[in-house]
Amino acid sequence: INGGELVICAVIFDMDGVLIDTEKHYNAAWCQAATEAGFPFTREHALLLRSCEAKEGEKLMQGIFGPSFDYYAIRERKKPGVEETLRFLWAKGIKTAVATATALDITKSHLTTIGVCDLFDSIVSAKNVAHGKPEPDVYLYACEQIGERPQDCMAVEDSPNGIMAAYRAGLRTVMVPDLTQ
């Protein structure tokens, strides 16, 4: 707090559903692939997988459908205002980062495709930490990479798993309604 004002030193964004409108496509693909594999998979099942690390997603789906659910066998469009928001934050001296469940090479490819990859101070993947979302590891790692304390950072998420991860890490959290209100 600076003179009674809340100061945010960094904003850490989720990618899928926040920066890039990919989740509707992922959900449709999950529903189609799982149904074709013989499982009564619905949109609600797909929503459970949002921002969920693959190992956790596999356990979750096998808990619902049984051990025969082969998660790995079954498994870009920039949202309006993304570039403007990132440039505004940079102009104000606020660091930016991405903390995503998506693999780093895929993340960088997507962000390069939409022209914003160079606007982040750091890009981190849950694939590079011990536990993915909803655990706090990816957010703690992102804070470490940009040299900021979690309590001085804000997370922008669109899923309950992402919100839980950021909250557990000690960041201020903002949920952008996408597929979950």
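That block above? That's the structure.
Rules of the game
- Residues numbered from 1 in each chain as written.
- Predicted model: local features only at pLDDT ≥ 70, side-chain atom pairs only at ≥ 80, totals over all residues.
- Heavy atoms only, no water.
- Buried < 20%, exposed > 50% of the residue type's maximum accessible area, 1.4 Å probe, protein only.
- Helix = DSSP H or I, 4+ residues; strand = E, 2+ residues; numbered from the N terminus.
- Arc of directions from axis to C-beta.
- Contact = heavy atoms within 4.5 Å.
- Pairing = 2+ DSSP bridges.
- Right-handed = clockwise from strand over helix to strand, strands pointing away.
- Polar contact = N/O pair within 3.5 Å; in protein donor to acceptor, adjacent residues only side chain to side chain.
- Axes fitted to C-alpha atoms, helices over the stretch in contact; angles between N-to-C directions.
- Salt bridge = Lys/Arg side-chain N within 4 Å of Asp/Glu carboxyl O.

1. Here we look at helix H5 (residues 82-91)
Considered for burial, the residues of H5 that qualify are Val 82, Leu 86 and Leu 89. Mapping the buried residues of H5 onto a view down its axis gives an arc of 60 degrees, with all of them on the same face. What points out from H5, more than 90 degrees from its buried face, is the exposed set Glu 84 and Ala 91. Looking at the packing, one finds that the buried side of H5 touches strand E1 (10-13) and strand E2 (95-100). Looking at the residues trailing H5, positive phi occurs at Gly 93, about 75 degrees.

2. With respect to the pairing of strand E3 (residues 122-125)
Here E3 shows no split at all, with Ser 122 and Val 124 on one side and Ile 123 and Ser 125 on the other all buried. In the sheet, E2 pairs with E3 via four bridges, with the strands oriented parallel. For Val 98, the partnering residue across the bridge sits in E3 and is Ile 123. Read as a crossover between parallel neighbours, the route from E2 over helix H6 (residues 104-113) to E3 is right-handed.

3. A few points about the environment of Met 15
With respect to the helices and strands, Met 15 occurs in the loop between E1 and helix H1 (23-36). Separated by 20 residues in the primary sequence, Met 15 and Thr 35 have C-alpha atoms spaced 27 Å apart.

4. A look at the side chain of Ser 159
Take Ser 159: it is sitting in the loop between strand E4 (153-157) and helix H8 (160-169). Judged by relative accessible area, which is 0%, Ser 159 ranks as buried. Separated by 3.1 Å, the side chain of Ser 159 and the backbone nitrogen of Gly 162 make a polar contact. The residues contacting Ser 159, other than those within four sequence positions of it, are Arg 50, Ser 51 and Met 175.

5. Some words on the sheet that holds E2
What the five strands build is an open sheet, ordered E3-E2-E1-E4-E5; its pairing is parallel. Strands at the two margins of the open sheet, each flanked by one partner only, are E3 and strand E5 (172-175). For this sheet, the mean inter-axis angle between neighbouring strands, taken without regard to orientation, is 20 degrees. When E4 meets E5, the two strands line up parallel, connected through four bridges. Considered in E5, the bridge of Glu 157 is made with Met 175. H6 rests against E2 and E3 of the sheet, and its axis sits at about 135 degrees to E3.

6. A few points about the pattern of salt bridges
This model, assessed by the stated rule, comprises seven salt bridges. A salt bridge links Glu 135 to Arg 168, with the nearest nitrogen and oxygen atoms 3.2 Å apart. Of this pair, Glu 135 sits in the loop between E3 and helix H7 (137-146) while Arg 168 is found in helix H8, placing the two residues 33 residues apart along the sequence. You can call Glu 135 partly exposed: its relative accessible area is 34%. On the basis of relative accessibility, which here comes to 43%, the residue Arg 168 falls in the partly exposed class. Taking the shortest distance from any N to any O, the salt bridge between Arg 149 and Asp 152 comes out at 2.9 Å. With relative accessibility at 48%, the residue Arg 149 sits in the partly exposed group. Taking relative accessible area as the criterion, Asp 152 reaches 16% and is therefore assigned buried. Within the structure, one salt-bridge network assembled from shared partners comprises Asp 14, Lys 133 and Glu 157.

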